[in-house]
Amino acid sequence: MAYSYIIKNVSMIDGSGEPARKADVGISGKEINAVGNVSEAEGGLVIDGAGLYCMPGMIDVTNHADRNFSLFHAPEAENLVRQGITTIVTGVCGISLAPLTSPEDINVVSPWIDINSVNTDWLSFAEFRETLRRQKLGVNVMTLVGYATIASHETESSRGDAESSRGDDSALFLFEQALREGARGFSISLHHAPGQVISEESLLAFAEHTREYHGLFSLHLRDEGADLLPSVAEAIRIARLSGARTHIAHLQALGRTNWQKFSEALAMIRRAREEGIKISADAAPYGRTNARLASLLPAWAREGGEKRIKERLADAAERRKIEEALRALTLHADRILFAFLDKEKELVGKTLAQAAELRSVALETALLDILYVNDLRVRVFSKTISKQNVREAFNEAFVAVSSNGDIALSSEEQPHHLLEKELPHPRSFGTLPRFFDQFVKKGEHESAIMHESTRGVLSWEEAVRRVTSLPAEIAGIADRGLIKIGMRADLVLFDPAAVKDRATYLHPYQYPEGIKYVFVNGKLLVSDGKFHPLPAGEVL
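Keep in mind that this is a model prediction, so the values were computed, not measured. (Residues numbered from 1 in each chain as written. Predicted model: local features only at pLDDT ≥ 70, side-chain atom pairs only at ≥ 80, totals over all residues. Heavy atoms only, no water.)

Engineer: I tried to follow the sheet that holds strand E11 (residues 216–220) on my own but got confused; where do I start?
Structural biologist: In a beta sheet, neighbouring strands pair by backbone hydrogen bonds and run either parallel or antiparallel. The six strands are arranged E9-E10-E11-E12-E13-E17 in an open sheet whose pairing can be described as parallel. Unpaired on one side and paired on the other, strand E9 (145–146) and strand E17 (399–401) mark the two borders of the sheet. Here five bridges tie strand E10 (residues 185–189) to E11, and the two strands are oriented parallel to one another. Bridged to Ser189 within E11 is His220. Running over the sheet, helix H9 (residues 262–274) touches strand E12 (245–248), strand E13 (279–283) and E17 and is turned about 145° from E13. Sitting on the sheet, helix H15 (residues 387–395) is in contact with E13 and E17, with an inclination near 110° to E17. (Pairing = 2+ DSSP bridges. Helix = DSSP H or I, 4+ residues; strand = E, 2+ residues; numbered from the N terminus. Contact = heavy atoms within 4.5 Å. Axes fitted to C-alpha atoms, helices over the stretch in contact; angles between N-to-C directions.)

Written out as C-alpha cells, the structure reads:
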C-alpha cells in the first residue's frame, strides 16, 4: 500500500489508556492505514519520530469558537492546532449560531460583536452547516443546538408557565428539525436567561429528544457557587429521568467558601455513574475563570435577562439592594482582572481593586458603574478556582479536559477582530500542553523527589485518554480519538520533555513549546513546530 506519510520510531500512546509502545504509523489520505512495522519502501513522506510521543488529536468537548464568529474570522484556528486540538464541540453553554427563526436572532446569540462582520446567510441548521463547510477550517467542528438560540424570541420578558410552555413547544420543534439536519445534541445554561427559568418538564423534553437521536446533552450548571451541590443533583436527576448522555461543562466550585463542596460534587457524579446513569464532566487546567462580570450579581438581580439587569442598575433603590448583596460576598477584587470592556478599554489588564481606586469609590459601586457604562459587556478573569479542586477533578476517570476557550487571532490580526482590545484567556493557547506539564510532568518530578507516587498525578497514557477517547465517547464521535487502522488521521507528535504552555493572563498571545507535528484528517498542519494553514477540518 502507498502511504501519504509514514511516522517511524515513535512512542505511540493510542488513546485507549493502554501502555505506550514503539510503533510506526502509516497514513493514507484521511485515514490511519497501518500501525506497527511500516516499510519506508511503501512510499510517502517519512517523519522520524524518535524521542517523540504520538497521540490522537485532542477533542475539545467545550469550545466557544462560534460565539464571537472567530470560527469565520480565523477558520484556520492556528492557536488551537498549535496546541494539539484537532476537533472542537461548539454550540455549548446554551448558545449556538443556528437554527435561527429570523436574521435578527443573531443579535441575541452574539450581542457583543458587530454582526455585519460575517455574512449570516443561514436560518436553518442545514444552511448553517453548509456555510461552515465553505470555510477553510483547520479543525473538525461538531455543533450542538443552544437553548438560548432557539428560545431567543422568548427572552425579552419573564414568561408565565403557559407562555413558557408555548415558547418551548416552538423551540422543541426547531430543535427536532435541527437534529434531523445534522445537529449532534443540545446545550443549555441553567445559570443564564432563558435557561434560568425553563421548567423541568421542558428540560426533560429536550433531554429525551436528545436521547432519541443519540446526541449529547450538555449543560452549564445552574450554580457553581453556594448551590453547587443542588445544581449537580439537578443535572443527575435530568440524566436519570431522561436517559440522555448528559455532560456537565466546565465543572468547578467558584469561591473559596465553596471549594470544600467540590469533593462531594464529584462523589455524587461517581455514585450516579455506578448506578448506570450516563453523566460525565470536563474541566480546564486553570485557576481563573473567563466570565461575564454580570455573573457576580446575585441570581435575583440577573432574572429577566440583560434588559431587566440594566433597568435595575438605573434604579437607585434597586442598585442599593444589589450593592448590599455584593458587600455580603467576599469579592477578592484584587483577583478580578478585566479582560474585555465594550467602552473602557483602558481598564483591560487592570483589577477591580485598581479600577475602584482610580474612581475613588467602593468596590461594589465600581463594579456596578463599570457594568452600566459598558452596557454589561464586560468579561473578567476571576481567580476563584482551587488548584486542589482541579487536581481532584482530574483524579476522576469520567472527567475530560476541555479548553472552554475560543479561536483567538494573533496579536498582529487583532485590528480585524471586532472586540479590538481584549485579553483572550491563555487556555485558548495552551490547554493541552499545560495539562501535560502540570498533571503529568510536574507530578513525575515530585514523585522522583519524594520516592513515592503523588496523589493526583496521571500517567501519560491516562492523560492522553482524557483528551482523546474519553471526549470522543462523551461527544459520540466514533471515528476519532484512537490510533487504530481505519480511524481518521488526527494525530499529534510532541516532545514529552519540552511540552509546556507559554501563554499567561497578561500576555496570552504565545504558542506552546514541544508540539512538533499535527495532522488533521491526514493533512500536515504543523511540521517541526511550524504552522501551515490548510483547509483540513470537517464539519461533523
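Following the structure, the description resumes.
Engineer: Looking at this structure, I do not really get the pairing of E12. What am I missing?
Structural biologist: Residues in a regular strand project their side chains so that they alternate between the two faces of the sheet. The sheet contact formed by E11 and E12 spans four bridges and is parallel. Looking at E12, one finds that Phe217 is bridged to Thr246. Following the chain from E11 across helix H8 (residues 228–242) to the adjacent parallel E12, one finds a crossover that is right-handed. In terms of strand pairing, E12 meets E13 through three bridges, oriented parallel. Bridging from a neighbouring strand, Thr246 pairs with Ile279 of E13. After leaving E12, the chain enters H9 and then returns to the sheet as E13, a path that is right-handed. (Right-handed = clockwise from strand over helix to strand, strands pointing away.)

Engineer: Would you take a moment to explain the side chain of Asn63 for this structure?
Structural biologist: Take Asn63: it is sitting in the loop between strand E6 (58–60) and helix H1 (70–73). Of the polar contacts made by the side chain of Asn63, one reaches the backbone nitrogen of Ala65; its length is 2.9 Å. Leaving out residues up to four positions away in the same chain, Asn63 has contacts with Leu80, Ile88, Val89, Thr90, Val92, Ser403, Gly405 and Asp406. (Polar contact = N/O pair within 3.5 Å; in protein donor to acceptor, adjacent residues only side chain to side chain.)

Engineer: Just to check I follow, could you spell out the packing of aromatic side chains for this structure?
Structural biologist: Two aromatic rings, taken as a pair, are described by how far apart their centres are and by the angle between their planes. Within this structure, the stated rule accounts for 23 aromatic pairs. With 5.1 Å between their ring centres and 70° between their planes, Tyr5 and Phe519 make a pair best called edge-to-face. Of this pair, Tyr5 sits in strand E1 (residues 5–12) while Phe519 sits in strand E19 (residues 515–520), and the two are 514 residues apart along the sequence. Here Tyr5 and Phe519 have matching classes, each one buried. Taking the centre distance of 6.0 Å and the plane angle of 35° together, the rings of Phe435 and Phe436 count as tilted. Relative accessible area serves as the criterion here: at 0%, Phe435 is assigned to the buried category. A connected cluster of aromatic rings, assembled from ring pairs, spans Tyr53, Phe394, Phe435, Phe436, Phe439, Trp460 and Phe494. Positioned above the aromatic ring of Trp300 is the side chain of Lys321, whose terminal nitrogen or guanidinium carbon lies 5.0 Å from the ring centre. (Phe/Tyr/Trp six-rings, centres within 6.5 Å; stacked < 30°, edge-to-face > 60°. Buried < 20%, exposed > 50% of the residue type's maximum accessible area, 1.4 Å probe, protein only. Lys NZ or Arg CZ within 6 Å of the ring centre and 35° of its normal.)

Engineer: Sorry if this is basic, but what is going on with the sheet that holds E6 here?
Structural biologist: Spatial ordering of the open sheet is given by E6-E7-E8, a layout of three strands whose pairing is parallel. Every other strand in the sheet has two partners, leaving E6 and strand E8 (140–143) as the edge strands with one partner each. Each neighbouring strand pair of the sheet contributes to a mean axis angle of 15°, computed without reference to strand direction. The sheet contact formed by strand E7 (residues 85–90) and E8 spans four bridges and is parallel. By the bridge assignment for E8, Ile88 is matched with Val141.

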